[in-house]
Amino acid sequence: MQIIHTVRELRAWRKNAGTVAFVPTMGNLHEGHLALVREAKKRADSVVVSIFVNRLQFGQGEDFDKYPRTLQQDADKLEAEGVAVIFAPDEKELYPNVEQRYNVEPPNLQNELCGKFRPGHFRGVATVVSKLFNIVMPDVACFGKKDYQQLAVIKGLTEDLNFDVEIVPVDTGRAEDGLALSSRNRYLSAAERAEAPRLYRELKAVAESLAQGSLDYAGLEKRAVQSLTEHGWTVDYVEIRHAGTLEVARTGDRKLVVLAAARLGATRLIDNVEIKLP
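The sections below set out a description of the structure shown in this document. (Residues numbered from 1 in each chain as written. Predicted model: local features only at pLDDT ≥ 70, side-chain atom pairs only at ≥ 80, totals over all residues. Heavy atoms only, no water.)

## A look at the sheet that holds strand β7 (residues 234-242)
For the record, the criterion: The criterion for strand pairing is that DSSP finds at least two bridges linking the strands in question. The helix and strand labels rest on DSSP assignments: H or I over at least four residues marks a helix, E over at least two residues marks a strand, and numbering proceeds from the N terminus. Each axis is a line fitted through C-alpha atoms, taken for helices only over the stretch in contact, and angles between the N-to-C directions span 0 to 180 degrees. The contact definition used throughout considers only heavy atoms, calling two residues in contact when any of these lie within 4.5 Å.
If you trace the three strands from one edge of the open sheet to the other, you get β7-β8-β9, paired in antiparallel fashion. Looking at strand neighbours, the two that pair on one side only are β7 and β9 (267-276), the edges of this open sheet. Within this sheet the neighbouring strands show an average axis-to-axis angle of 10°, counted without direction. Against the sheet, helix α9 (residues 198-211) touches β7, β8 (255-264) and β9, its axis set at about 20° to β9.

Rendered as structure tokens:
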């Protein structure tokens, strides 16, 4: 396995690499990331994993400075999985002009759901992913469904900007108690960690009600928010959306997703549950 730090070296390697599957990450890897790597391995000759903590997608007051940088531990995990290359540029390498002068601007979806609470976040995601696609030139790229809105933005930019990349969604990795795996779980206290699986349980309860024929979308969302709030959560949103477009769900939609973001203490958690109605 190679660890490459410059765009020039990565492009030189890419010329003779055959088909490439790509997994972009910010490092501090957990089992959810490794599931993406295993899926990627099935789909190409070589796997490239990027490790880059992208300042553009962090808002004011968010955890950019304290986000864990664990390159050596990450490299050990990725080598064990048979990854060909880790691309680990520094900020100057990826943003040579210090300030990114040209940005990829997503549609209004960037201002909804998580975007309502994290202005500029999805512009930062879309910009860095576009840069990485141009550098790595992958045939396939794997993204987790936990970041459902991010996945929708990346699918859209890939289509609209004509990237020749197949986007492969991968199911959310979960702990045994259902909590979605996330690098931010490490910030939870013991009591918060015990409470955290409630988010997934509430979303499953909404999905079960939908499966049983409930059309009271607003009522289901309100009850989930109320239950979480009563157990000490600060809820950004619980919403039922169309799974394909992420537009507000309408009666008659058959493919739905229930999405949520909420805080336990200082830690913001997101999750979602997909549902296909008959």
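Moving on, there is more to tell.
## A word on the nonpolar core
For clarity, the threshold we go by: Take the buried residues of types Ala, Val, Leu, Ile, Met, Phe, Trp, Tyr and Cys, join any two whose side-chain atoms come within 4.5 Å, and each joined set is a nonpolar core. Exposed residues in this analysis have more than 50% of their type's maximum accessible area, buried residues have under 20%, and partly exposed residues fall in between, with area computed by a 1.4 Å probe over protein chains only.
Ranked by size, the top nonpolar core spans 43 residues in total, and within it Phe87 and Phe133 carry the most contacts. If you list the elements that add at least two residues to this core, you get α1 (7-14), β2 (20-25), β4 (85-87), α6 (121-136), β5 (140-144), α7 (148-160) and β8. Per-element tally for this core: the top contributor is α6, with nine residues. One finds Leu199, Val206, Ala224 and Leu269 within the second-largest nonpolar core, a separate group that totals 26 residues.

## A few points about the environment of Gly219
Its location among the elements puts Gly219 in helix α10 (residues 217-230). With 52 residues separating them along the chain, Gly219 and Asp271 place their C-alpha atoms 19 Å apart.

## Describing the sheet that holds strand β3 (residues 46-51)
A sheet is described by the order of its strands in space; here six strands give the open sequence β1-β4-β3-β2-β5-β6, paired in parallel fashion. Each of the sheet's edge strands pairs with one partner strand only, and the pair in question is β1 (2-4) and β6 (166-170). This sheet shows a mean twist of 25° between the axes of neighbouring strands, independent of strand direction. In the packing of α7 onto the sheet, contacts are made with β5 and β6, and the angle to β6 comes to roughly 170°.

## Remarks on the packing of α6 against α7
Think of two packed helices as two axes; the pair is described by the angle between the axes and how far apart they sit. Counted only if it meets this: Working definition: roughly parallel below 35 degrees, roughly antiparallel above 145 degrees, roughly perpendicular at 65 to 115 degrees, and oblique for all remaining angles. The sense of a crossing depends on the near helix, which, turned anticlockwise from the far helix by less than a right angle, makes the crossing left-handed and, turned clockwise, makes it right-handed. Under the scheme applied here, ten amino acids are nonpolar (Ala, Val, Leu, Ile, Met, Phe, Trp, Tyr, Cys and Pro), four are charged (Asp, Glu, Lys and Arg), and all others, including Gly, are polar.
Closest axis-to-axis distance for the α6/α7 pair is 10 Å, and the angle between their directions is 50°. The orientation of α6 relative to α7 falls into the category oblique. α6 and α7 meet at a crossing whose hand is right-handed. Side by side, α6 and α7 meet where Phe122, Val125, Ala126, Val129, Ser130 and Phe133 of the first sit next to Gln149, Gln150, Val153, Ile154, Leu157 and Thr158 of the second. In the contact of α6 with α7, the residues fall into eight nonpolar, four polar and no charged.

## Structural notes on α1
For the record, the criterion: The directions from the helix axis to the C-beta atoms are what the arc is built from.
Looking at α1, one finds that the buried residues are Val7, Leu10, Trp13 and Arg14. One side of α1 carries all its buried residues, which in axial view fall inside an arc of 130°. Contact partners of the buried residues in α1: β1, β2, β3, β4, α4 (91-94) and α6.

## Some thoughts on the packing of aromatic side chains
Quick note on the threshold: Only Phe, Tyr and Trp rings take part, Trp by its six-membered ring, and two of them pair if their centres are within 6.5 Å. Stacked means planes under 30 degrees apart, edge-to-face means over 60, and tilted covers everything else. Lysine and arginine charges are scored as sitting over a ring when NZ or CZ, respectively, is within 6 Å of the ring centre and within 35 degrees of the ring normal.
A complete count under the given rule lists six aromatic pairs for this structure. Ring geometry for Phe58 versus Tyr67: centroids 6.0 Å apart, planes at 75°, classification edge-to-face. Exposure class is identical for Phe58 and Tyr67. Each is buried. Sitting over the face of the ring of Phe64, Arg69 holds its NZ or CZ atom 4.8 Å from the ring centroid. The aromatic ring of Tyr200 is capped on one face by Arg174, whose charged end is 3.6 Å from the ring centroid.

## Side note on a nonpolar patch on the surface
Applicable threshold: Any residue with relative accessible area above 30% and no salt bridge may belong to a patch, with like charges joined within 9 Å and the nonpolar Val, Leu, Ile, Met, Phe, Trp and Tyr side chains within 5 Å. Exposure was quantified through the Shrake-Rupley algorithm and a 1.4 Å probe, taking into account, for residues, occlusion by the shown protein chains and nothing else. We count a salt bridge whenever a side-chain nitrogen from Lys or Arg sits within 4 Å of a carboxyl oxygen from Asp or Glu.
Together, Met1, Ile3 and Leu71 make up a nonpolar patch on the protein surface, roughly 220 Å² of accessible area in all. Summarising the element assignment, Leu71 is placed in helix α3 (residues 71-80). A relative accessible area of 32% places Leu71 in the partly exposed class.

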